[in-house]
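Observations on the three-dimensional arrangement
Spelled out from the first residue to the last, the chains are:
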Amino acid sequence: MGAGAKSTRWDSLVALGDSFTEGLADLRPDGGFRGWADRLAEHLGEHEPGLRYANLAVRGKLLRQIVESQVPQAVALRPGLVSFTAGGNDIIRPGGDPDELAALFEDAVGRLRATGADVLIGTGFDTRDTPVLRRLRGKVGTYNAHLRAIADKHGCYVLDLWSMGVLRDSRSWSADRLHLAADGHRRVALRACEALGVATAEDWRDPLPSLPQAPWRAQRAQDIRWAREHLAPWISRRLRGRSSGDGRGPKRPELERL
């Protein structure tokens, strides 16, 4: 079972962030994206009929873009709860400084909390099992330490993605290894519920069925194919100053009932 119920209830949720919160790779039957934030809203709606929900996240956005665009929109909407996960795209980029990012993040959290909203902060994932990205593990860990300090200072909830060992299983991720698969999003939503003290009928810790270990050569071939088909195009876009979110708006810009 998930975490026990708590007295606090929210009548509205606004989700801020990038592709992770937009829900990439978690496809709906209509071709749109669902994602952990939509799933969280659905869980909250089970306890709070009439919950209103907005998702302002846009793929590819950097933290400063999110702070300058999405945060003012969230402040204007005045929701009861805001989920705020951002900075991953900055950490991956050369020169991304976790200390500078944390200062920008904290300023945004202060503005959100000043409205009276509760804030759920998402940490970064543990990248130790991801080729190339494992080299950034120290930067992610430093950023996460800042985020926890920010949460303590401002009285925020923490969605601890780093500690979710089940997400180290490749089956939790899509083929690009940068975005969660549907089951990964499902588990993150359950973890968010646990952090918020919202009861659920499932447990994010439930293990996946065991699989035989693939031969080293096969793993190496998969890593090379991934780098060629997914990582290289991502790097190429960044070098050209382009983003997958260019020209896109949020999928759910207004607070609406589920």
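Below or above, wherever it landed, is the structure these notes cover. What you are looking at is a predicted structure, and each value in this text was computed from that prediction instead of being measured.

**Things to note about the nonpolar core**
L16, L63, F84, F105, L112 and I121 are the most contacted members of the largest nonpolar core, which totals 31 residues. Counting only elements with at least two residues in this core, the list comes to β1 (12-16), α3 (63-77), β3 (81-84), α5 (98-114), β4 (118-122) and α6 (137-154). If we skip the residues at most four places from it in the chain, I121 touches F84, F105, V109, L147, I150, A151, C156, Y157, V158 and L159. Judged by nonpolar contacts, the second largest core, of 30 residues, contains W10, W36, M164 and V188.

**Brief notes about the environment of L112**
Locating L112 in the fold gives a position in helix α5. With relative accessibility at 2%, the residue L112 sits in the buried group. Measuring from C-alpha to C-alpha, the distance between L112 and P72 comes to 8.7 Å, with 40 residues separating the pair along the chain. Leave out the neighbours within four places in its chain, and L112 touches L16, V71, A74, V75, V82, F84, A117 and V119.

**Some words on the environment of R137**
Inspection of the secondary structure puts R137 in helix α6. Taking the C-alpha atoms as reference points, R137 and G124, 13 residues apart in sequence, are found 9.5 Å from one another. Setting aside residues no more than four positions away along its own chain, R137 makes contact with D126, T127, R128 and W162. At a separation of 2.6 Å, a polar atom in the side chain of R137 contacts the side chain of D126.

**Notes on the pattern of salt bridges**
Tallying each qualifying case throughout the model produces 19 salt bridges. For the salt bridge of R205 with E194, the shortest nitrogen-to-oxygen distance reads 2.9 Å. Highlighted residues: R205 in the loop between α7 (182-196) and α8 (216-239) and E194 in helix α7, separated in sequence by 11 residues. Taken together, the shared-partner salt bridges in this structure form one network comprising D183, R186, R187 and E202.

**As for the pairing of β3**
Of the two faces of β3, the one lined by L81 and S83 and the one lined by V82 and F84 are each fully buried. Pairing of β1 with β3, which is carried by four bridges, proceeds in the parallel orientation. Following the sheet pairing, L16 is matched in β3 by F84. Here β3 runs beside β4; their pairing, made up of four bridges, is parallel. Residue pairing for β4: L81 is matched across the bridge by D118.

**Concerning the packing of aromatic side chains**
In the structure shown here, the tally under the stated rule is six aromatic pairs. For the pair F20 and W36, a centre-to-centre distance of 5.5 Å together with 25 degrees between the ring planes defines the contact as stacked. In this pair, F20 sits in helix α1 (residues 19-22) while W36 sits in helix α2 (residues 35-47), placing the two residues 16 residues apart along the sequence. Each member of the pair F20 and W36 is classed as buried. Each ring, one from F84 and one from F105, has its centre 4.1 Å from the other, and the planes form 10 degrees; the classification is stacked. Highlighted residues: F84 in strand β3 and F105 in helix α5, separated in sequence by 21 residues. By relative accessible area, F84 is classed as buried at 0%. An aromatic cluster of at least three residues, connected via ring pairs, comprises F20, W36, F125 and W173.

What counts, and where the lines are drawn
Residues numbered from 1 in each chain as written. Predicted model: local features only at pLDDT ≥ 70, side-chain atom pairs only at ≥ 80, totals over all residues. Heavy atoms only, no water. Core = buried A, V, L, I, M, F, W, Y, C linked by side-chain atoms within 4.5 Å. Buried < 20%, exposed > 50% of the residue type's maximum accessible area, 1.4 Å probe, protein only. Helix = DSSP H or I, 4+ residues; strand = E, 2+ residues; numbered from the N terminus. Contact = heavy atoms within 4.5 Å. Polar contact = N/O pair within 3.5 Å; in protein donor to acceptor, adjacent residues only side chain to side chain. Salt bridge = Lys/Arg side-chain N within 4 Å of Asp/Glu carboxyl O. Pairing = 2+ DSSP bridges. Phe/Tyr/Trp six-rings, centres within 6.5 Å; stacked < 30°, edge-to-face > 60°.

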